[in-house]
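Structural features, examined
The primary structure of each chain is shown beneath.
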Amino acid sequence: MDIIAGRRALGAGMLGLAGLAAARPATAFVGPRPECLSPSAPGGGWDFTCRTVGRLMQELQVVDQPVQVSNMPGAVGAVAFANVTSRRAADHNLFVATSTVGLTQIAQRRYPGDIDRVRWLAMLGADTGVILVRADSRFKTLADFLGALKSDPGGIVTGGSSSLGGYDHLRLLLLAQKAGIPAADLKRFRWIHYDGGGPAVTQMLGGHVEVVSTDLAEIAGFVEAGQIRVLGAMAEARLAGAFADIPTAREQGYDVVGLNWRGFYTGGRVSDEHYNAMIAGLKRVYDSEGWKEAARRSGLQPVWRSGPEFERFVAGMVSELRGLSQEIGIIS
């Protein structure tokens, strides 16, 4: 009887320990060394994403250890992608910051592999693409601008914060496609690359460029000051707060969503168990007030897509951007 009683006591103790374990916050990573890889130098957008999410993971007890942030800049994310796919494909400690910029590079085959080489975790926020003109511009609506572009594809000087074939440029071309402008005419557009949305708007105010395609967060101050007019926001629905009066491209008849999202991928051989645990941890960050405040300060709209839904979104975006890049001759 003493042996049986002892076994019962041991069993009760084990159940108690299991209950305590279940009561602990679920960690995002089964591995003990959580690491976020930023494909940019310190201070860049990917670095901000890693450091902000890593800090919140620790504050929310999503991880047992502080998240190490490692910087691996090079070739707009291609160096980090190559490192993960060749050396760390099964590392369930690791998650990598990425965005629409990186996905555009994959679409244009500038990475050593396609989207199936990694596992796409989640998107937590996005900046919204906008088409801008001066407040006194002859263009009052997107239809005015796109109509003029259709009539004279080389007659309007446009610009933004990406190079030819970069995402600012491609967003403009996607709108032009929806307006029925032929592929041959897309190649005739005049595009000037500036080092940021702010410099592009400054040059527009000086009369050097007539229309700018960029992210809203970069030029929000110009909008609030009344110096420029936003012809359309490439968002899924109207934005909130100070930008609620900006019409979307969709509501004007052009079904284009142009989000510069921020998110993460991990190695292509990470197990389903670890992959799902990572997503659960990132969702806890996304649901926190800390992330909402950090997103607001950086001009991002909180947006959540994860797992299979995010993978489908990534695949659809790559297909669209790759097709358009082929049409305008950026890739063959």
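Preceding this paragraph is the structure being described.
Residues numbered from 1 in each chain as written. Predicted model: local features only at pLDDT ≥ 70, side-chain atom pairs only at ≥ 80, totals over all residues. Heavy atoms only, no water.

1. Focus: the overall build of the protein
Looking only at helices and strands, one finds twelve helices and ten strands in the protein. With the C-alpha coordinates of the protein rotated into their principal frame, the extents come out at 95 × 40 × 35 Å. Burial analysis of the protein (332 residues in total) assigns 51% to the buried set. In the protein, of all internal contacts separated by at least 6 residues, the share reaching a separation of at least 24 is 78%. When the accessible surface of the protein is split by element, carbon and sulfur atoms take 52% of a total near 14500 Å². Averaging the positions of the 34 positive and the 32 negative side-chain charges in the protein gives two centres separated by 3 Å. (Helix = DSSP H or I, 4+ residues; strand = E, 2+ residues; numbered from the N terminus. Buried < 20%, exposed > 50% of the residue type's maximum accessible area, 1.4 Å probe, protein only. Contact = heavy atoms within 4.5 Å. Areas by Shrake-Rupley, 256 points an atom, 1.4 Å probe, with all protein chains shown as cover. Lys, Arg positive; Asp, Glu negative; His and termini not counted. Charge placed at Lys NZ, Arg CZ, Asp CG, Glu CD.)

2. Brief notes about the pattern of salt bridges
Applying the stated criterion across every chain, the model contains 18 salt bridges. Between Arg88 and Asp91 there is a salt bridge; the shortest N-O distance is 2.7 Å. Measuring nitrogen to oxygen at the nearest pair gives 2.8 Å for the salt bridge that ties Asp215 to Arg171. Here Asp215, found in strand β7 (residues 211-215), pairs with Arg171, found in helix α6 (residues 167-178); they are 44 residues apart in sequence, far enough to count as distant. The same class applies to Asp215 and to Arg171, which are both buried. The network of salt bridges with shared partners includes Glu35, Arg88 and Asp91. (Salt bridge = Lys/Arg side-chain N within 4 Å of Asp/Glu carboxyl O.)

3. Points about the nonpolar core
By size, the foremost hydrophobic cluster in this structure holds 82 residues, and its most contacted members are Met57, Phe95, Trp120, Phe145 and Trp291. In terms of residues, this core owes the most to one element, strand β4 (residues 118-134), which gives nine residues. Counting 21 residues, the second largest nonpolar core, distinct from the first, contains Val157, Val201, Ile219 and Ala233. (Core = buried A, V, L, I, M, F, W, Y, C linked by side-chain atoms within 4.5 Å.)

4. A look at the packing of α6 against helix α12 (residues 307-327)
Running from N to C, α6 and α12 point in directions that differ by 85°, and their axes come no closer than 11 Å. Comparing the axis directions of α6 and α12 gives the class roughly perpendicular. Contacts from Tyr167, Leu170, Leu173, Leu174 and Gln177 of α6 reach α12 at Met317, Glu320, Leu321, Leu324, Ser325 and Glu327. Here the residues of the contact of α6 with α12 are counted per class, giving seven nonpolar, two polar and two charged. (Axes fitted to C-alpha atoms, helices over the stretch in contact; angles between N-to-C directions. Parallel < 35°, antiparallel > 145°, perpendicular 65-115°, else oblique. Nonpolar A, V, L, I, M, F, W, Y, C, P; charged D, E, K, R; others polar.)

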